[in-house]
Amino acid sequence: MEGYKPRIADQLLADLLDACGCVLLEGSKWCGKTTTAEQLAKSVAYMADPEEGPRNVQYAQSTPKFLLQGETPRLIDEWQVVPTLWDAIRGEVDHRRALGQFIITGSAVPADKKKIVHTGTGRIAPLVMRPMSLWESGESSGEVSLAELFNNPEQLIAESKIDIEELAYLVCRGGWPMATMTPNRKAALKQAKIYYDGVVGSGNGEDSDISRADGVRRDPERVKRLMRSLSRHQGTSASHDTIYQDMANNDDSTLNRDTISSYIAALKLIFVVEDMTAWNPALRSKTAIRTSDTRYFVDPSIAVAALRVGPQDLINDLATFGLFFETMAVRDLRVYTDALDGNVYHYRDRNELECDAVIHLENGKYGLVEIKLGGTDNIEKGATTLKQLAGKIDTTKMPAPSFMMVLIGVGKYAYRRDDGVYVVPIGCLKP
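What you see is a predicted model; the values in this text were computed from it and never measured.

Helix and strand content of the protein chain: 18 helices and 14 strands. Projecting the C-alpha coordinates of the protein chain onto the three principal axes gives extents of approximately 65 × 55 × 50 Å. A burial count over the protein chain gives 54% of its 431 residues as buried. Across the protein chain, contacts joining residues at least 24 apart in sequence account for 71% of those joining residues at least 6 apart. Looking at the protein chain as shown, the accessible area adds up to about 18,800 Å², and 48% of this sits on carbon and sulfur atoms. Computed over 51 positive and 58 negative side-chain charges, the inter-centroid distance for the protein chain is 3 Å.

Our focus in this paragraph is the packing of aromatic side chains. In this structure the tally under the stated criterion is seven aromatic pairs. Seen in terms of ring centroids, Tyr 59 and Phe 66 are 4.8 Å apart; in terms of plane orientation they differ by 50 degrees. Their pairing is tilted. Classification of Tyr 59 as partly exposed rests on a relative accessible area of 29%. Seen from their ring centres, Trp 279 and Tyr 347 are 6.4 Å apart, and the 70 degrees between their planes marks the pair as edge-to-face. Remark: Tyr 347 occurs in strand β8 (residues 342-348) and Trp 279 occurs in the loop between α14 (257-269) and α15 (300-307); sequence separation between them is 68 residues. According to the relative accessible area criterion, Trp 279 is buried, its value standing at 4%.

This part takes up the pattern of salt bridges. According to the stated counting rule, one finds 28 salt bridges in the structure shown. Of the charged contacts, one joins Glu 221 and Lys 224 as a salt bridge, the two residues approaching to 3.3 Å between their closest N and O atoms. With a gap of three residues between them, Glu 221 and Lys 224 both fall in helix α12 (residues 220-232), about one helical turn apart. For Glu 221, a relative accessible area of 40% translates into the label partly exposed. The class of Lys 224 is partly exposed, set by a relative accessible area of 24%. Note that Arg 257 is salt-bridged to Asp 241, the shortest N-O span being 2.2 Å. One end of the pair, Arg 257, is in helix α14; the other, Asp 241, is in helix α13 (residues 240-248), with 16 residues separating them in the sequence.

Bringing a negative patch on the surface into the picture now. A cluster of like negative charges, contributed by Asp 15, Asp 18, Asp 341 and Glu 362, occupies part of the molecular surface. Relative to the assigned elements, Asp 18 resides in the loop between α1 (8-17) and β1 (22-27). Residue classification places Asp 18 among the exposed positions, given a relative accessible area of 59%.

So, on to the nonpolar core. Among the nonpolar cores identified, the biggest contains 93 residues, and Met 227 and Val 272 are the most heavily contacted of them. Here this core gets nine residues from one element, more than from any other, and that element is helix α17 (residues 318-338). Apart from residues lying up to four places away in sequence, Val 272 is in contact with Tyr 195, Val 199, Met 227, Leu 267, Phe 297, Val 298 and Ile 302. Counting 20 residues, the second largest nonpolar core, distinct from the first, contains Cys 355, Ile 379, Met 404 and Ile 408.

The strand order β7-β12-β13-β11-β10-β9-β8 describes an open sheet built from seven strands, whose pairing is mixed. Both outer strands of the open sheet, β7 (158-159) and β8, are each paired with one neighbouring strand and no more. Looking at chain direction, strand β10 (residues 366-372) and strand β11 (residues 403-408) are connected through six bridges and run parallel. Bridging from a neighbouring strand, Val 369 pairs with Met 405 of β11. Where α17 meets the sheet, it contacts β8, β9 (354-361), β10 and β11, and its direction lies at approximately 155 degrees from that of β10.

What follows deals with the sheet that holds β1. Read from one edge to the other, the open sheet built from five strands follows the order β2-β3-β4-β1-β5, with strand pairing classed as parallel. Every interior strand has two partners, whereas the edge strands, β2 (43-46) and β5 (124-129), have only one. When strand polarity is set aside, the average angle formed by the axes of neighbouring strands in this sheet is 20 degrees. Bridge count for β1 against strand β4 (residues 102-106) is five bridges, and the pairing is parallel.

As a further point, take the environment of Ala 88. One can find Ala 88 in helix α5 (residues 85-96). Taking C-alpha positions, Ala 88 is 9.7 Å from Thr 63, a pair spaced 25 residues apart along the chain. What Ala 88 contacts, discounting residues up to four positions off in sequence, is Pro 64 and Leu 68.

For the rest of this paragraph, the subject is the packing of helix α8 (residues 164-173) against helix α10 (residues 185-200). Where α8 contacts α10, the axes come no closer than 8 Å and their chain directions differ by 45 degrees. Comparing the axis directions of α8 and α10 gives the class oblique. Mapping the contact onto sequence places Glu 166, Tyr 169, Cys 172 and Arg 173 in α8 and Arg 185, Ala 188, Leu 189 and Ala 192 in α10. Partitioned by chemical class, the residues of the contact of α8 with α10 number five nonpolar, no polar and three charged.

Analysis parameters
- Sequence order as written defines residue numbering, which begins from 1 separately in each chain.
- The model is predicted, so local features are restricted to residues of pLDDT at least 70 and side-chain atom pairs to those at 80 or more, both for listing and for counting; the totals for chains, interfaces and linings are taken over all residues.
- For the side-chain quantities, the full set of heavy atoms in the structure was used; hydrogens and water were omitted.
- Numbering goes from the N terminus for both helices and strands, where a helix is a DSSP run of H or I of at least four residues and a strand is a run of E of at least two.
- For the exposure calls, accessible area comes from a 1.4 Å probe over protein chains only, and a residue counts as buried if that area is under 20% of its type's maximum, exposed if over 50%, partly exposed in between.
- Contact criterion: two residues are considered in contact whenever any of their non-hydrogen atoms come within 4.5 Å of each other.
- For the accessible areas, the method is Shrake-Rupley and the probe is 1.4 Å, while residue cover comes only from the protein chains on display.
- Only four residue types enter the charge count, namely Lys and Arg as positive and Asp and Glu as negative; His and the chain termini do not.
- For charged residues, the charge sits on one atom: NZ in Lys, CZ in Arg, CG in Asp, CD in Glu.
- Think of it this way: a Phe, Tyr or Trp ring, Trp meaning its six-membered ring, pairs with another when their centres are within 6.5 Å, and the plane angle makes it stacked under 30 degrees, edge-to-face over 60, tilted otherwise.
- By definition, a salt bridge exists where a carboxyl oxygen of Asp or Glu is found within 4 Å of a side-chain nitrogen of Lys or Arg.
- Patch construction takes residues with relative accessible area above 30% that form no salt bridge. Like charges are linked within 9 Å, and nonpolar side chains (Val, Leu, Ile, Met, Phe, Trp, Tyr) are linked within 5 Å.
- Here, the term nonpolar core denotes a set of buried Ala, Val, Leu, Ile, Met, Phe, Trp, Tyr and Cys residues that are joined through side-chain atoms within 4.5 Å.
- At least two DSSP bridges between two strands are required for those strands to pair.
- The axes are straight lines fitted to the C-alpha atoms, using for helices just the contacting stretch, and the angles between their N-to-C directions are given from 0 to 180°.
- Note that the term roughly parallel is reserved for angles under 35 degrees, roughly antiparallel for angles over 145, roughly perpendicular for angles of 65 to 115, and oblique for everything else.
- Only Asp, Glu, Lys and Arg are considered charged, only Ala, Val, Leu, Ile, Met, Phe, Trp, Tyr, Cys and Pro nonpolar, and every remaining residue, Gly among them, polar.

Okay, structure coming up:
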């Protein structure tokens, strides 16, 4: 496809098609799911297309087997429009007894799960896709491989070309594929705002993505207040009570914690919010580990759009810039870690020792990561935190960390410190 930028998900999707009958490719709108799926699909049925959609929906409701006919892998785009397709696809996979039959994409979890009878286990494999990382969009040189850090290299040789002005722009632009291909920077920045407006909606809220998530009409102004609150709490474990206090001063008496919970749940259904779960290592001491999830948007540009700020605003407010950069760094680490068959967690204990990201692979290896905007003092603080946490881990019960890394936004070179901690600019990193 002309203009297609290769994605890390390309190989992940191909591998899953070799392993099962159907792959569920899901994630936020505009993150590139359909385009990526089209690279491997041999035939397509679009469920939400203005021209083809109504006809295909009718087929799906009346004779789903007819819709599933076509050269394989066959792509069913936005399958959740007709949730009963799930069981039809599962049954067809069983009947054909062949691998790589279908790719189904979805930008929302079906509102009515009661229409789905079977789980799809063993037949339908999930694959989550996120907005583009800096390596996928071409801004990272990719000279430092996350995979290679697990081999503990003695030195790093890499240079980042991203300065503070460029980093502020990239945070505000986000990883939306079309935005990364738009040479007009002013136009590229507008795409995140358009995405945000679509989530929030207008008027009575019927046209919003958040209302379509589960069929519950939601007040756009209340959604805006919620998303502004979530923006201010990126990278924290802010409770529903904290968010309630943020919103209560500008909301009516009907607002309560259950309402906030339902709104956040709806944002998760449409892949706007992706919180990070806690890591539970074996420790030498009996220090209690805090298990609350850490709050993140799936892309930093959503927070930028919610607060209606721009690149220069971030440069003028480095504290906010640091929060939003952390969201970008977590996005990229998640994308890269997917390629390594791992997961990203956070750590925080009752003594307030906190680690921004723990990359844990299926083979048991793990790396500790602190995320800092930049600056010598901040790098030193990050390195100190990493060494403190590493010193708490009981290495008689689990291995020592494979690496410790301070991931920075602003900094020219990647290097290994004398204490073994790596300092890596995000503009050098790849899977």
